[in-house]
Amino acid sequence: MEFIDLKTQYRELKTSIHERMERVLGHGQYIMGPEVFELEERLAEYVGVKHCISASSGTCTLLIAMMALGIGSGDEVITTPFTFISTGEMIALLGATPVFVDVDPDTCNIDPAKIEAAITPRTRAIMPVCLYGQCADFDAINVIAEKYGLPVIEDAAQSFGATYKGRRSCALSSIGSTSFFPSKPLGAYGDGGALFTDDDHLAKTMREIRVHGQDRRYHHSRVGINGRMDTLQAAVVLAKLERFDWEVGRRAHVAARYDQLISAACPGVVTPCVLPHASSVYAQYTLRVDVRDELSKALNALGVPTAVHYPIPLHLQPAFGYLGLKEGAFPVAEACSQSVLSLPMGPDVTEEQQIFVVDSLQKTLQGFA
Ligand SMILES: *Cc1c(COP(=O)(O)O)cnc(C)c1O
């Protein structure tokens, strides 16, 4: 079996994906063609915000969001050390300093109780990440942000389709940012991403930055980038929206079945913690185990693919060595990085596959005992 199966989905949606891509090849508007705007409209409606601005990746969206907020040299942005590199990377690329705040041991998302202590006169934004598909605790984060007049950027690269207290991911703060990297819950067949906001001014600024800071043809009101999403990728995502709601439901079902099977058969393995007011899209189904490295090796040998998201927290990455942060700086994130293990997950994982995965897990753990 595969860690993330994209082929079954392709088989199911083949006709509409081909039709939509052929339409683009026919009209030839490969850059900012009508599918791009159709997708933005559909996604804004889905999320429940006024504006959606598509972009070339979920990394580029973070960059555009922070550029629109005027973040740059000397500024600080508060974020989590337990995330994919992009989150910290784009802060650093702008010359700002990522200020890490440790995570909650249950959800692995930023711990709101520790944010306030990290705020300084240089803080310009808070950027929580919705890890594994579950939103961070935005009510608590927004209260702190409001108190200090700070914008909040949701790195929702893994959580498109998730809900938090009845609202959708990407609609929970000043700006929501997601990714259409192929293996994300809503994926393209290449790179892509999108930004969401209810703020008209921010939306206009982000739209301009996406196209070289251009406010009208060959007139550049600010410095921007080439951050557009390809029309062909927009066509793929549009086709995938057809069964996206079904997929979100299937992901929840597969996760619930794993929870059930694993808690019955594998004592000592901690299944994902989703808070009662939230729903996850399970970009990853991630366990916590003591014997992670041995376990993943043994599972792989039995034909169960696994992955570690993520083995090194950002503050211990060589790229952020200049920050001078040492082991022990964020003990919860460090403990997570040692114990997390992701199992095969997706809408097309079958009952038989789940039983095979959990049987393998159970046998391996019994062998360790
Ligand atoms: C995938 C991911 C990104 C980057 O998205 P790309 O589209 O691959 O650039 C950013 N943040 C997080 C948390 C991610 O998981």
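Everything numeric in this text was worked out from a predicted model, so none of it was measured.

Analysis parameters
- Residues numbered from 1 in each chain as written.
- Predicted model: local features only at pLDDT ≥ 70, side-chain atom pairs only at ≥ 80, totals over all residues.
- Heavy atoms only, no water.
- Helix = DSSP H or I, 4+ residues; strand = E, 2+ residues; numbered from the N terminus.
- Contact = heavy atoms within 4.5 Å.
- Areas by Shrake-Rupley, 256 points an atom, 1.4 Å probe, with all protein chains shown as cover.
- Lys, Arg positive; Asp, Glu negative; His and termini not counted.
- Charge placed at Lys NZ, Arg CZ, Asp CG, Glu CD.
- Near = heavy atom within 4 Å.
- Polar contact = N/O pair within 3.5 Å; in protein donor to acceptor, adjacent residues only side chain to side chain.
- Nonpolar A, V, L, I, M, F, W, Y, C, P; charged D, E, K, R; others polar.
- Patch = residues over 30% accessible without salt bridge, like charges linked within 9 Å, V, L, I, M, F, W, Y side chains within 5 Å.
- Salt bridge = Lys/Arg side-chain N within 4 Å of Asp/Glu carboxyl O.
- Buried < 20%, exposed > 50% of the residue type's maximum accessible area, 1.4 Å probe, protein only.
- Disulfide = S-S within 2.5 Å.
- Pairing = 2+ DSSP bridges.
- Axes fitted to C-alpha atoms, helices over the stretch in contact; angles between N-to-C directions.
- Parallel < 35°, antiparallel > 145°, perpendicular 65-115°, else oblique.
- Left-handed = near helix turned anticlockwise from the far one by under 90°.

> What am I meant to see in the overall build of the protein here?
Secondary structure assignment for the protein yields 11 helices and 14 strands. In terms of principal-axis extent, the alpha carbons of the protein reach across some 70 × 55 × 35 Å. In the protein, of all internal contacts separated by at least 6 residues, the share reaching a separation of at least 24 is 70%. Put simply, the protein shows about 15,300 Å² of open surface, and 54% of that area lies on carbon and sulfur atoms. When the 32 basic and 43 acidic side-chain charges of the protein are each reduced to a single mean position, those positions are 4 Å apart.

> Mind showing me how you'd approach unusual backbone geometry here?
Both trends apply: most residues other than glycine have a negative phi, and most peptide bonds are in trans. The omega angle of the peptide bond from His-309 to Tyr-310 is 5°, so this bond is cis rather than trans. Mapped onto the fold, Tyr-310 is located in the loop between helix 9 (292–301) and helix 10 (331–339). Within the chain, Tyr-218 stands out as a residue other than glycine whose phi angle is a positive 55°. For Tyr-218, the location among the structural elements is in the loop between strand 10 (214–216) and strand 11 (219–220).

> Sorry, what's going on with the site of the ligand here?
Among the 16 residues in the neighbourhood of the ligand, the closest are listed as Gly-58, Thr-59, Gln-158, Ser-179 and Lys-184. Within the side chain of Ser-179, a nitrogen or oxygen atom sits 2.6 Å from an oxygen atom of the ligand. Residues of the shell around the ligand, tallied by class, amount to 5 nonpolar, 9 polar and 2 charged.

> Even after reading the chapter, I still don't get a nonpolar patch on the surface, so can you show me in this structure?
A surface patch of nonpolar side chains, about 300 Å² in accessible area, is lined by Leu-25, Tyr-30 and Ile-31. Looking at where Ile-31 falls in the secondary structure, it is placed in the loop between helix 1 (7–27) and helix 2 (34–47). Residue classification places Ile-31 among the partly exposed positions, given a relative accessible area of 47%.

> Any chance you could explain helix 4 (residues 85–93) here in plain terms?
When helix 4 is considered as a whole, its buried residues turn out to be Ser-86, Thr-87, Gly-88, Met-90 and Ile-91. The elements touched by buried residues of helix 4 are helix 3 (60–68), strand 2 (76–79), strand 3 (97–100), strand 4 (123–127) and strand 5 (153–155). After helix 4 finishes, the residue Gly-95 shows a positive phi value of roughly 85°.

> Can you help me understand the state of the cysteines in this one?
In protein chemistry, a disulfide is the covalent bond that joins the sulfur atoms of two cysteines. In total, this model carries 0 disulfides according to the counting rule given. No disulfide involves Cys-52; its sulfur sits 8.5 Å from that of Cys-170, the nearest cysteine. Accessibility expressed as a relative area gives 2% for Cys-52, which makes it buried. Sulfur of Cys-273: no disulfide; nearest cysteine sulfur belongs to Cys-108 and is 9.0 Å away. A relative accessible area of 29% places Cys-273 in the partly exposed class.

> Sorry if this is basic, but what is going on with the sheet that holds strand 3 here?
Within a beta sheet, neighbouring strands are joined by backbone hydrogen bonds and run either parallel or antiparallel to one another. Across the sheet, which stays open at both edges, the 3 strands sit in the order 3-2-4 with parallel pairing between neighbours. Only two strands of the sheet have a single neighbouring strand rather than two, namely strand 3 and strand 4. Pairs of neighbouring strands in the sheet enclose a mean axial angle of 30°, with direction left out of account. Relative to strand 3, strand 2 runs parallel, the two being bridged by 4 bridges. Along strand 3, the bridge assignment pairs Glu-76 with Thr-97.

> What is the right way to read the packing of helix 3 against helix 4 from this model?
Axes are the key here: two packed helices are described by the angle between their axes and the distance separating the axes. Put simply, helix 3 and helix 4 touch, their axes get as near as 9 Å, and they point 40° apart. What the angle tells us is that helix 3 and helix 4 run oblique. Relative to helix 4, helix 3 is oriented so that their crossing is right-handed. Of the residues in helix 4, those touching helix 3 at Leu-62, Leu-63 and Met-66 are Ser-86, Thr-87, Met-90, Ile-91 and Leu-93. The residue makeup of the contact of helix 3 with helix 4, split by class, is 6 nonpolar, 2 polar and no charged.

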